[in-house]
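Analysis of the macromolecular model
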Amino acid sequence: MLNEIVFLLCAAVTLVGAVAAMMLRNLVHCALCAAGAFAGLAAIYLQLDAEFVGFAQVLIYVGAIAILIVFAVLLTRGGDVQPSAATTSPSWWVGLPVAALVVASLIGSIMASPRLLRLPTPNVHAPVKQIGEQLMNQFVMPLETVGLLLTAALLGAVVIGLREPRKTESNAP
Amino acid sequence: MESIVKYLWLIPTAPLLAAGVGALLPRRQRQLGAGLAIGAIGISFLLSCAAFLVTLHSGRVSSNFRWFDFGTTSVQLGWVLDPLGAIMAVMVSFVSLLIFVYSLGYMAKDENFKQFFCFLALFAAAMLGLIIANSLLLFFMCWELVGLASYLLIGFWFQKPSAAAAAKKAFIVTRIGDLGFLVGMLLLYAKTGTLLFYDNGNGCLDQTAVAGLVASTTISLLIFCGAVGKSGQIPLHVWLPDAMEGPTPVSALIHAATMVAAGVFLIARVYPLMTPEALQAVTWVGALTAVFAASIAVAQNDIKRILAYSTVSQLGYMMMGLGAGGVAVGMFHLMTHAFFKALLFLGAGSVIHCCHEEQDIRELGGLRTRQPITFATYAVGMMALCGVPLFFSGFWSKDAILDATHHWNGSPIPFYLGLLGAFLTAFYMTRQICWVFFGKPATAKAEHAHESPPVMTVPLVILATLAVVAGFFGTPAWPWFQNYLEGGQVGFDLSKLMNEHQLPLMLLSTALVAAAIVWSGWIYGRAAARPTRETDPLEVAQPTIFVLLQNKFYVDEFYNATVVRLTAAFAKFSDWLDRVFLGGLIKAVCVFALVLAWLDRALDEALVNESFDTGTETVRSSGRWLSRLQNGQVQRYLRIIGVAFCGLLILLLWGSR
Amino acid sequence: MLAWTIYISFLGAAVLMFLPGENPRPARTLALLAALAGLACAVMGAVDCHSHAGAGALTDVANAPWIAELGIRYHLAADGISLALVLLTGIAAVAGVLFSWNVENRSREFFALYLALMGGVYGVFLSVDLFLLFVFYEVAIIPKYFLIVIWGSTRREYGAMKLALYSFVGSAMVLVGLIAAYVVAGTKTFDLAELAKVPFPPAFQNWAFVVVFVGFAILAGLWPFHTWAPTGHVAAPTAASMLLAGVVMKLGAYGALRVAMILFPIGLHTWQNTIAVLAVVGIVYGALVALVQQDFKFVIGYSSVSHMGFVLLGLMTLTQIGLSGAVLQMFSHGIIAGLLFAVVGRMVYDRTHTRDLEVLQPMNLNRVLPFAAVTFVIGGAASMGLPGFSGFIAELQILVGAWQSFPVFGVLAAVGILVGIAFTLRVLLKAFFADDKVEARPLTPCPRISLPERVGALLLLATTVTIGLCPGLLLDFITPALNSPLMQPLWKAATR
Amino acid sequence: MILSILTFLPLAVGVLVALLGPDRQKLGRNLAFATSLLALAVAVGLWASFDNAKAGMQFVESVSWVPSLGIEYHLGLDGLGLIMVLLSALIVPFAMLASWKIENNPKLYFSLMLFLEAGLFGTFTAQNFIHWFLFWELSLIPAFFLIRIWGGPKRAYAASQVFIYTMGGSVAMLAAFLALYATTDASTRSFDFAQLAATAHQGGLFAGHKTLATAIFLGVLLGLAVKVPLVPFHTWLPAAYSEAPTGTAMLLTGAMSKMGVYGFLRVLCPIFPEQMQAWRTPLLVLAAATIVLPAAAAFAQKDLKRMVAYSSINHLGYCLLGIFAAAGLTDGSALFPNEQAAALNGVILQMFNHGLTASALFYFVGLIEQRGGARGLNDFGGLRQAAPVFCGLMGIALFASLGLPGLNGFPGEFLIFKGTLHLAERASVLSIPGLLLTAIFLLTILQRVFSGPLAGKWNGWPDLTLGERLTVLPVVALMFVFGIFPQLLTGLANLAVLQMLKSF
Amino acid sequence: MTTPLANYLILASLLFGIGLAGALARRNAVLVLIGLELMLNAANLNFIAFWRFSPHPEMLTGQMFVLFSIAIAAAEVAVGLALVIAIYRHRRTAQLDRFDSLKG
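Residues numbered from 1 in each chain as written. Chains lettered and ligands numbered in written order. Predicted model: local features only at pLDDT ≥ 70, side-chain atom pairs only at ≥ 80, totals over all residues. Heavy atoms only, no water.

So, the overall build of chain B
Counting its secondary structure elements, chain B contains 28 helices and two strands. For 657 residues, the compact-globule estimate of 2.2 N^0.38 gives 26 Å, and the C-alpha radius of gyration of chain B, at 39 Å, exceeds that figure by more than 25%. In chain B, of all internal contacts separated by at least 6 residues, the share reaching a separation of at least 24 is 79%. Taken as a whole, chain B presents about 24,700 Å² of accessible surface, with 69% of it coming from carbon and sulfur. On chain B, the mean spot of the 41 positive side-chain charges and the mean spot of the 37 negative ones are 9 Å from each other. (Helix = DSSP H or I, 4+ residues; strand = E, 2+ residues; numbered from the N terminus. Rg over C-alpha atoms; globule rule 2.2 N^0.38 Å. Contact = heavy atoms within 4.5 Å. Areas by Shrake-Rupley, 256 points an atom, 1.4 Å probe, with all protein chains shown as cover. Lys, Arg positive; Asp, Glu negative; His and termini not counted. Charge placed at Lys NZ, Arg CZ, Asp CG, Glu CD.)

Encoded structure:
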């Protein structure tokens, strides 16, 4: 029962955060709400006995990504300062039904499979050590790849984000 | 005997060489050229005489050689010595000699003097070759060369278009006959396997004697075609009068004594081959020609033309004689005619020469006193031709012919035609003599005429003598000539002259001739004496007939309107066939191919290429249409992904049931 | 030895790609060396093969597993037919380089692509693994596209695209057929000799043959799929059109013979008459269309269609003599068409900048470019099929074969020869021997025919004359190849 | 070996001359002429060493060429071939002399002449169809260019026409021969003339295929008929001959037209005896038409060259008449060996002599054109006065052409008619008017050009120069020689004819 | 542990839907990126949930997947944001509907 309550709380936090992040006008607020949603998810992970993942979620999403987003928001603020400008895209009315449709079909399909409700909950014990061992043995190649990817992505991000060479500037009016 | 046969080939070869060498001489070597020719013909004459002497005692000798091989056989040529050839050779070479000499004077002023003698020599060579030939093929070859020489000589004054045309006409008209001759010869060749006349019993004439071979009437007639052409018989006589465009010695040589005689000689030569039917045709053609030409001669005004028609007429007599009486009859007239006709032509030449090339008898007159020698000899010739009795050769030879036709069992008509011809001959010759020699000179040309140089008159005198003498060798009383030819013994028998066959005939013909001469002399003697000579008395009397005769029965016009025009039309047609029809056919094929090609090209461009282009264009445009979905709006892509996801999901969920 | 023809070409292409600088001289020298080396390898391989006991039969050159799971092997082998065509490729390659001597624009890339094309062609002719063959076939198509699109002339994008599309449609058909054969055979091999032994069911053969044959024959200019040829030839630069007409069209014919006809003899038998009709139509049609073209190169382009019709007709005769004629015609046409294109594209067009016959007519080129005129005369004579040139012996054999199989087509093909004579004559007269009484139009002084052009032209002329006078040189390869076990299914079908 | 040398000598020198620099025109010309003289010497040498009494081929060379196709390099010479080789060797230097003053690129002109000569030699010596065909075609290309480049105003048309026409015929012939080869039983397959004839004689060719045999025969016939030409395939000829430069026209009529007749004798008759028999009547009619129609058409021409060209067709018509009459008499009992031999001997004589005469005529007409700038029949008149030697020699040639005895034209025509009158009576009677028409138009030439008053503008008309006299005198002399001693030729030809008759 | 799997899945669906709606409806590129992150997280939640309820949770595969996913998401965000900034610099805007460089 307690579990139920915790779950509902966490779910509520997550959903509210997500909704807020998608609906607020102020982009900084949006970023902060998103961070909230990420945090809610982290809680749910914990509840699901995936502690390592939960902490990783907190560290990366709430800690790093949200901050990055805030920075990005701040950096891209100069151009469209007029607050009256619409925050939604012109064809937002198409997007919402599509999203609704997707949700509906997903939920419909979940509901349509009653076996999911009756799945037993096995006991798990997933210590960090075990995760580490598996990462170093079975998943070492993907791990290395991801490392490489991260490095490349960072380098790429830096390169893209750097100011362009003089050439283009001089071309600009 | 043997030796002379060995050298017989020299008779034609000597003048041939003279002609060849003469042709290579430069033009200014006039005397040398003439001397060569005269010398050569002199040699021929001597050789001929020698040969003639030989034949008096012995029979026929021949010498043959292989010309070339074909298949398993070969074509043989050769020469023969027999009385027929020998007497002919003597006559031809002698007349030629005289004419050559005469030409020295006649042609003295011509710039192509040397050439003239060269041609004359060629002519004599061809004629002599023809005479001694022992092969129908060699005969034919020489025959053609005679044609060539006559072509060259008739057209000698080539600057005159009429002369050139006459030469061409002569060659072509005789060639028509020659083609018949050629075909006949080839048929004969196929039949006998040889063209030699005498070849130790294997020649074609031998075979007639030994094996009784007689060529078919077709062959005989075809060969006779050649004679018709060459001897100017109806219907191929048209070339002969025109041939008077040549210099007068040429006329004398070719158209009096020798060339035209070749046709007669041909028939005489192949006489054993001729079938009776063919001989009938020969007689008829001869008889018709004799009267036909004589009647034309009555209305002619050109001195040489009259003689030419007279020649045609006399040739008709010879043919008639050959057909009805045999070789000797025809050949005898040939001999005598050769002399007196040469005489007449040369006399006419003398007149023309001295009257500045005036040939119209109406423009002459009164020459009797101005050219006495010419007149005398001409009169002899005229009387010989007319057949004035006893002393003139023509009388005897013509009488023999009339006698033969009288006894001919084919039909009596040729006999009467012959009589008519004799009458006409006497008539037109008297007319001519009257116009030319009697009366007053009609023009200044005649007025100032003078006698010809001796180089011309001497041959006249010689010929005149012969024209008289020759007749005595063939009188019924002393038929030496006939016996010589036929190989019998001859004896003098005056009674033959007086028998019941000969005498009435002689009297009849004498009466006719006398009547003609008197009548004609009465008419024209008076007309010639008149100061103006425009119209002919006959024309006044019978204008229609006279005009018809004067225009030679319109035969030339008839030929022009039919044969010549047909040939031209055929030529035009052939040309049209080539250019328009066949050429058009070819063009049509080309056009067809080109049309096809353009069609194909259009097909390629319009259909094959177009369908490809349209196909690719369709693909491209549909792609463009689809690419409108790709408007670069990321969110739209996302939406589409979403919808597609839903679709997929629904499909999966509900589809799996 | 023969395999080196492929390697050298690709190696040369690779080296050229990395060659520094824009100077064309090293590029073309290198290309010439590579082409010469290729030719040398081909000749040596041929000599080598000739000295063997079983000259002409299929001899392995290289054989190694490639994609083992699918039974695909890297298997190169040569028999007389491929040898003849490899030799042709070698000669055409050398001549092509010589006639490209004046390419200044991006010459490095030009020659690299050129050599890559050569490599692909060599590969096709030498592969006996059908998958490998197909790969090389595709490899040959790509450089062709770029050669035309970058260095081409009239409507080059159109021509190149058309060529590429036709080629790809063809190869798609071939691929479908090959895979179907692979699957139906079930022997897990793409090896030609192995597959040839498989008795495919007749119903299958009937459609597979058409698909594969037409797929290949499109590249051989089979009517009515021929229009890529003139357009492509016109658009292509000289060397490319030489190769295109000279060698690439042979790829199609070679494939049709090697793959379609050998694998599906029953299908061949079914379709023999139909395809023979198309071939004859191609002969006459191509010649007729060539008769009314204004563009000099179009004439030669359509003449290629006509001549390739002879190849296809020869193939369809299904007689020894006809097939041997077809192979010889492939060789011969390769040489002659190369020569004619060289004259048109390099000697004439590069100097006068026009190919319009009406414009060329008053120039009276036989005065200005006597060497070109003489070359074209001889080339034209060879193209007409005059005796003494290679085309004669080839067409002679094809006609004999045609007489044995379809007499009527023999007559029609003879008509085609006649039209061929007509258009060759027409173009010869218009381009070179126009009436010189017409005042020659002042022509920008055109450079003399250069040494490489002369050498190239002489090489091709010498080849066609040599083969014309001593056809035995090639027939000694071809005839045994036709008798080899590989060809036996074909003869069986022919006697059916 | 000697025949190969004879064939390839002109070829090699021709290439050499063509490759000379453009400033060595005279050297090239002289070299070419010297070569043609050398070839003539070789040909005469062949004649001298030819064994007159031996039947069959002499100087045989036989090398396997393409054994798989039965193609051999097979050369040989019999009397017929030798006569033709002699004729070609004779005409070429004559034609070269006639072209001596060509100004436009003489080097090329003379080298083409040499190529043509090689083609002629090759054709007349080859004994294998393919080998023969090679040279047959080889001779066409130089002829084409000679007309195309050096011809008269309408040369483009004329050259293309001659080329397309002849090639059309050649293609038909080639196709027919290939069909013959293809349909013959493998064991007797051959391209060799003698072998084909032997097979045909044993009935081994197209047994049972009547239609096919006819088609093949007609194909070969077409090829030869165009070349000769046989009416109605002759329309290319007048244009070609009249537009060709003088020397080329001489070669065309003198030697090249003989290739066709030669083909009839060597190829068509021996290999297709049955078809010759079956088609005898139409062929004879066509031959008669070839004699009569062109003769009539010549009569309607206004252009001297065209007249001479038509007369050339007419004369070749006699050859064809002789051949058609002599061939196709295979039914044993009705053989006329002597007549056939006569006709064929006549044909060969006529071929040779017409070559001499017609080329001489073209030479003279060419001179007239060169001097007067015109060649219309009515453009001249009275030239005999200004140029007696010219007139005399041309007259000799004209009379030789119309078959005057004593000149070379006569023996041939005599023999031909000797044979045909017996073998094909009606056709030869039909053709007789041709002889007359020939005479008419040849004399018309003499009349219009040389007779009549000399027009003022031709007053200074030059007579033959020394060089021209030297050029033409040998030929005229030969006209006399072969007219008087035809045995010179029949001695060579007769054995070959007898040999040929066995397979007719 | 009574909360059934379905609840987690529904939560994930909702989260995904919200993210999707945001990504589709908002103009700002940064917000679209946030929406994407939400969707990614929804997926991660699914992984974890399925892992948790799988018969062999000791295999840890779900966890591993999520870990990598998070790492990749970090990289993605970094690059994405850098792109946004770069585009912003170029175009002076971060409104997505102004970008149509991808237009075909």
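Some points on the confidence of the model for chain B
Across chain B, the average pLDDT comes to 83, with 95% of residues at or above 70. Overall fold confidence (pTM) sits at 0.83, and the ipTM for the predicted complex is 0.78. (pLDDT = per-residue confidence, 0-100.)

Side note on the interface of chain A and chain E
The partner chain E presents 76 residues to the 86 residues of chain A that form the contact. Across the interface of chain A and chain E, roughly 7,100 Å² is buried in total on both sides, 75% from carbon and sulfur atoms. One can count one salt bridge joining chain A with chain E. Across the contact surface, chain A and chain E share seven residue pairs in polar contact (both at pLDDT 80 or more). Top contributing element to the side of chain A that touches chain E by residue count: helix H3 (residues 51–75) of chain A, with twelve residues. (Buried area = accessible area lost by both parts, 1.4 Å probe. Salt bridge = Lys/Arg side-chain N within 4 Å of Asp/Glu carboxyl O. Polar contact = N/O pair within 3.5 Å; in protein donor to acceptor, adjacent residues only side chain to side chain.)

Structural notes on a nonpolar patch on the surface
All names here are of chain B. A contiguous nonpolar surface patch, about 440 Å² in accessible area, is contributed by Leu 390, Phe 391, Val 469, Phe 472 and Phe 473. Within the element layout of this structure, Phe 391 appears in the loop between helix H17 (372–386) and helix H18 (393–407). Given a relative accessible area of 54%, Phe 391 falls into the exposed group. (Patch = residues over 30% accessible without salt bridge, like charges linked within 9 Å, V, L, I, M, F, W, Y side chains within 5 Å. Buried < 20%, exposed > 50% of the residue type's maximum accessible area, 1.4 Å probe, protein only.)

Considering the side chain of D:Thr420
Mapped onto the fold, D:Thr420 is located in helix H18 (residues 409–423). Setting aside residues up to four positions removed in sequence, D:Thr420 forms contacts with D:Leu321, D:Gly322, D:Ala325, D:Glu425 and D:Ser428.

Describing the pattern of salt bridges
Residue and element names in this part refer to chain B. The tally for this structure, following the rule as stated, stands at 29 salt bridges over all chains. A salt bridge links Asp 556 to Lys 169; its shortest N-O distance comes to 3.0 Å. On the criterion of sequence distance, the pair formed by Asp 556 in helix H27 (residues 555–627) and Lys 169 in helix H7 (residues 161–192) is long-range, its members being 387 residues apart. Residue classification places Asp 556 among the buried positions, given a relative accessible area of 16%.

Observations regarding the nonpolar core
Side chains of a nonpolar character, in soluble globular proteins, are inclined to be buried together. Core analysis: the biggest nonpolar cluster contains 661 residues, and B:Met88, B:Leu136, B:Met331, C:Leu313, C:Phe432 and D:Phe414 have the highest contact counts within it. Looking at this core, the element that brings in the most residues is helix H10 (residues 238–263) of chain C, giving 19 residues. Dropping the residues within four chain positions of it, B:Leu136 is found in contact with B:Phe181, B:Met185, B:Leu188, B:Leu195, B:Phe197, B:Ile223, B:Leu266 and B:Val270. Within the second largest apolar cluster, 81 residues are counted, among which are A:Leu48, A:Val73, B:Cys646 and E:Leu33. (Core = buried A, V, L, I, M, F, W, Y, C linked by side-chain atoms within 4.5 Å.)

A closer look at the packing of helix H9 (residues 217–230) of chain B against helix H12 (residues 259–269) of chain B
The relative placement of two packed helices comes down to the angle between their axes together with the axis-to-axis distance. All names here are of chain B. Taken N-terminus to C-terminus, the directions of H9 and H12 make an angle of 160°; their axes are 7 Å apart at the nearest point. Between H9 and H12, the angle falls in the class roughly antiparallel. Where H9 crosses over H12, the handedness of that crossing is left-handed. Across the interface between the two elements, Ile 223, Phe 224, Ala 227 and Lys 230 from H9 touch Met 259, Val 260, Ala 262, Gly 263, Leu 266 and Ile 267 from H12. A class-by-class count of the residues in the contact of H9 with H12 yields eight nonpolar, one polar and one charged. (Axes fitted to C-alpha atoms, helices over the stretch in contact; angles between N-to-C directions. Parallel < 35°, antiparallel > 145°, perpendicular 65-115°, else oblique. Left-handed = near helix turned anticlockwise from the far one by under 90°. Nonpolar A, V, L, I, M, F, W, Y, C, P; charged D, E, K, R; others polar.)

Examining the interface of chain B and chain C
The interface is formed by 14 residues belonging to chain B together with 15 residues belonging to chain C. Carbon and sulfur atoms supply 63% of the area that chain B and chain C bury against each other, a total of about 1,300 Å² over both sides. When the area that chain B buries against chain C is broken down by residue, the three leading residues are B:Arg601, B:Asp604 and B:Phe612, summing to 39%. Counting across the interface, chain B meets chain C through zero salt bridges. At the junction of chain B and chain C, the tally comes to eight residue pairs in polar contact (both at pLDDT 80 or more). Of the residues in the side of chain B that touches chain C, the class split is eight nonpolar, two polar and four charged.

A short note on the packing of aromatic side chains
Using the criterion set out here, one finds 96 aromatic pairs over all chains in the structure. For the ring pair B:Phe139 and B:Phe181, a centre distance of 6.3 Å and an interplane angle of 75° mean the geometry is edge-to-face. In this pair, B:Phe139 is assigned in helix H6 (residues 136–154) and B:Phe181 in helix H7, connecting sequence segments 42 residues apart. According to the relative accessible area criterion, B:Phe139 is buried, its value standing at 0%. Between the aromatic rings of D:Phe50 and D:Phe59, the centroid separation amounts to 6.4 Å while the plane-to-plane angle is 35°, which identifies the pairing as tilted. For D:Phe59, a relative accessible area of 24% puts it in the partly exposed group. Site record: aromatic cluster; members linked through ring pairs are B:Phe139, B:Phe140, B:Trp143, B:Phe181, B:Tyr189, B:Phe197, B:Phe265, D:Phe410 and D:Phe414. (Phe/Tyr/Trp six-rings, centres within 6.5 Å; stacked < 30°, edge-to-face > 60°.)

Structural notes on the packing of H17(B) against H18(B)
All names here are of chain B. At a minimum axis separation of 6 Å, H17 and H18 run at an interaxial angle of 15°. It follows that H17 is roughly parallel to H18 by the angle criterion. Note on packing geometry: the crossing formed by H17 with H18 is right-handed. Contacts between H17 and H18 involve Ala 384, Leu 385 and Cys 386 on the former and, on the latter, Ser 393, Gly 394, Phe 395 and Lys 398. A breakdown of the residues in the contact of H17 with H18 according to their chemical character gives four nonpolar, two polar and one charged.

A look at the state of the cysteines
All chains considered together, the criterion is met by zero disulfides over all chains. Note on B:Cys355: no disulfide assigned, nearest cysteine sulfur contributed by B:Cys354 at a separation of 6.5 Å. (Disulfide = S-S within 2.5 Å.)

A closer look at the pairing of strand E2 (residues 72–78) of chain C
Within E2(C), five of the seven residues are buried, leaving the element largely enclosed by the surrounding structure. Here strand E1 (residues 59–67) of chain C folds back onto E2(C) in antiparallel fashion, the turn holding four residues, of which C:Gly71 has a positive phi close to 70°. (Pairing = 2+ DSSP bridges.)

A short note on the arrangement of the chains
Of all six pairs of chains in contact, the one with the most contacts involves chains A and E. Separated in space, chain A and chain C share no contact, their closest pair of C-alpha atoms being 26 Å apart. Taking C-alpha atoms as the reference, chain C and chain E come no closer than 21 Å and do not contact one another.

Comments concerning the environment of C:Asn364
Residue and element names in this part refer to chain C. Note on placement: Asn 364 falls in the loop between helix H14 (357–360) and helix H15 (365–368). Asn 364 sits in the buried class, given a relative accessible area of 6%. Between the C-alpha atoms of Asn 364 and Phe 433, which are 69 residues apart in sequence, the distance is 5.9 Å.

Regarding unusual backbone geometry
For the bond from C:Trp223 to C:Pro224, the omega torsion is 0°, close enough to zero to count as cis. Following the sequence through the fold, C:Pro224 ends up in the loop between helix H8 (202–219) and helix H9 (228–235). Between D:Val228 and D:Pro229 the backbone carries a cis peptide bond, its omega angle lying at 0°. Within the secondary structure, D:Pro229 is located in the loop between helix H9 (210–227) and helix H10 (236–243). Although it is not a glycine, B:Tyr554 adopts a positive phi angle of roughly 60°. On the secondary structure map, B:Tyr554 appears in the loop between helix H26 (543–550) and H27.

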